[in-house]
Each structure stands twice: as C-alpha cells, then as structure tokens.
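Structure at a glance
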Amino acid sequence: MILDMHTHLPAEDSPAWRSWRQENVLAAMDAGGVHRAVVMTLDGFFRDTRRANDIVARACAGSGGRLIPFGTVDPHQGGAADELRRCARELGCRAIKLHPWLQGFSPLDAAMDPVAEAAAETGLPLVFHDGTPPYSSPLQIAALAERFPALSVVLAHGGLFDLWRDAAAAVLRHPNVHVTLCGTAPLGIFRQLLALTGTARVSIGTDSGYGDPDLARHRLAVHRLLLDELDESAAAAVGHRNAERLLGLD
C-alpha cells in the first residue's frame, strides 16, 4: 500500500478546480495503487485560511478515510492557534501545512510560538514546505523542532534538490523531525538521503493537484522504484506505515 503524504486541492481559479470530483480522485488513486492520500490547500496560503480549511474538510468527507484533510494557518494572523485547534477538533484534520515562503514568515518568528504550542497540545504535526530559501530551509525548521520537543515536524520536500543534506541532518539531529520525499530530487538523491537517515521517519508524496498531472505520476513511479529496492519491512514503513503512525491512523 501507498499513502501519498503530499497532495493538494487545485486552486479555485483553475480549470482543474472546476473539474475536481472526489470520485475521479479516488479512481486515479486506485489506478496508481495509492490507498490513502493527504489533501492540502493551495488557496489557503494566499486567501482566507478558515474558508480554505472548510473546503478541504468537505472535499475529504465521504471518502471512507482515504482522503485525509490537512489544515493551514497563517502565524501572522490573529487567532491562528485557535484556528489550528478548530482544524483538530471540528474538521478532523490530521496535520497543519505551513508554507513559510509563500505565506511570508520565518519558522523562527515569535508568531510561530503559539502555533507550535497549539500543535503540540492537539497532537497535530506541523508539515512545512522546505528547501526554498530564505524562509524554508530545513535547518530553520529544525530549530523550531528543537525548541518544541513535544511537537512533530515534517519536512515536506526533503530539502528539494539543493538542501537535501540539510534535511538529512535535521532528521539525524532531532527525533521529532520527519521527512517526506517529494519534489525535484532524482532517485539517486532519495537513495542517499535514506542511506543517511534510515527509514523510520521517512514518507513519500507526489504534490498531486499542483502543476502538471504527469509530473505527479512520474514522482509516483520514482517512489515505486525506490520501494522496490527496499526490503519488505522498510518498503512498508516508507510507503505507508510511518505516515499512518505519525498521523494517528489505523
């Protein structure tokens, strides 16, 4: 089984949004051998986060648990911690996705403190876009994880192409840092990252819903090649079990 730890709803002003149907998404997952998929917003990084969170929750409802909602908050907006708690307690979100580069904040900002405290309180991991300077380097995010050891932090792209070594270092230094292999890095870099970190806190994602659908299918094919190189236990861990454990799923 595969749990795709990184997919998005298309932006509302895009043709893909107008044609989005849950049944089509589930059929595409079946065709690709994906059992479950996380669903995150795109619009919420630019527009009303509360509305975006409601839309993600509705999009996932009725999927039999196969579509897993993630919320978002803007640390610089008043009430961000309360919105995080609403995501956890009312919307059934399993994590919070933050995009420092697009949302215009640093993981080191003081405004992150109440958000991190609320995430630790509710048990929701914070999933960060990473690999894009100046605000989204893996080690900046790891510094937040160090300050809040009860918080689970996920590097959503494994440092992308240039900062994957920093992502590996963050996982090795901090037991509450996890990494998702998702982005521009080729198979060879994924192999090297796994050789450094081991498989216990690694998951996979496609970024489906953002960009060309062929790119997401290509990333899934790369992940399958990687899983085929691992022994059965490690492949299951990276393919779905680590993500299920992190998100508190059966």
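This text goes with the structure placed above it.
One structure accompanies this document, and this report is about it.

Quick word on the packing of helix α9 (residues 187–197) against helix α10 (residues 213–229)
- Between α9 and α10, the shortest axis-to-axis distance is 10 Å and the interhelical angle comes to 40 degrees. Between α9 and α10, the crossing angle belongs to the class labelled oblique. Crossing of α9 against α10: the hand is right-handed. Residues Leu187, Phe190, Arg191 and Leu194 of α9 pack against Val222, His223, Leu225, Leu226 and Glu229 of α10.

Some details on empty space enclosed by the protein
- Under the definition given, this model contains three cavities of 30 Å³ or more.
- The volume enclosed by the largest cavity comes to roughly 70 Å³.
- If you go around the largest cavity, the residues you meet are Leu9, Pro10, Glu12, Trp17, Thr41, Leu42, Asp43, Ala52, Ile55 and Val56.
- For the lining of the largest cavity, the element with the most residues is helix α3 (residues 49–60), which contributes three residues.
- For the lining of the largest cavity, the class distribution of residues is seven nonpolar, one polar and two charged.
- Around the second largest cavity, the lining residues are His178, Ala200, Arg201, Val202, Ser203, Asn242, Ala243, Arg245 and Leu246.

Observations regarding the environment of Asn53
- Looking at the element boundaries, Asn53 is found in helix α3.
- For Asn53, a relative accessible area of 1% translates into the label buried.
- The residues contacting Asn53, other than those within four sequence positions of it, are Gly71, Thr72, Glu83, Arg86, Cys87 and Leu91.

Observations regarding the nonpolar core
- In this structure, Leu84, Leu126 and Phe128 are the most contacted members of the largest nonpolar core, which totals 61 residues.
- Leaving out residues up to four positions away in the same chain, Phe128 has contacts with Lys97, Leu98, Pro100, Phe105, Pro107, Met112, Ile141, Leu144, Val153, Val154, Leu155 and Ala156.
- In terms of nonpolar packing, the next biggest core, distinct from the first, is built from 14 residues, Leu3, Phe70, Val154 and Leu246 among them.

Examining the pattern of salt bridges
- As enumerated under the stated definition, the model contains 15 salt bridges in all.
- We note a salt bridge from Glu12 to Arg51, for which the minimum N-O separation is 2.7 Å. Taken together, the residues Glu12 in the loop between β1 (3–4) and α1 (15–18) and Arg51 in helix α3 connect sequence positions 39 residues apart.
- Residue Glu12 is classed as partly exposed on the basis of its relative accessible area of 25%.
- Owing to a relative accessible area of 45%, Arg51 belongs among the partly exposed residues under this scheme.
- Between Arg191 and Glu229 there is a salt bridge; the shortest N-O distance is 2.6 Å. Here Arg191, found in helix α9, pairs with Glu229, found in helix α10; they are 38 residues apart in sequence, far enough to count as distant.
- If you follow the salt bridges from partner to partner, you end up with Arg50, Asp54, Glu83 and Arg86 in one network.

Quick notes on the rules
- Residues numbered from 1 in each chain as written.
- Predicted model: local features only at pLDDT ≥ 70, side-chain atom pairs only at ≥ 80, totals over all residues.
- Heavy atoms only, no water.
- Axes fitted to C-alpha atoms, helices over the stretch in contact; angles between N-to-C directions.
- Helix = DSSP H or I, 4+ residues; strand = E, 2+ residues; numbered from the N terminus.
- Parallel < 35°, antiparallel > 145°, perpendicular 65-115°, else oblique.
- Left-handed = near helix turned anticlockwise from the far one by under 90°.
- Contact = heavy atoms within 4.5 Å.
- 1 Å grid on protein atoms, 1.4 Å probe; cavity = no way out; pocket = protein on both sides within 12 Å on 5 of 7 lines; lining within 4 Å.
- Points joined across faces, edges and corners; volume = space filled by probe spheres on them.
- Nonpolar A, V, L, I, M, F, W, Y, C, P; charged D, E, K, R; others polar.
- Buried < 20%, exposed > 50% of the residue type's maximum accessible area, 1.4 Å probe, protein only.
- Core = buried A, V, L, I, M, F, W, Y, C linked by side-chain atoms within 4.5 Å.
- Salt bridge = Lys/Arg side-chain N within 4 Å of Asp/Glu carboxyl O.

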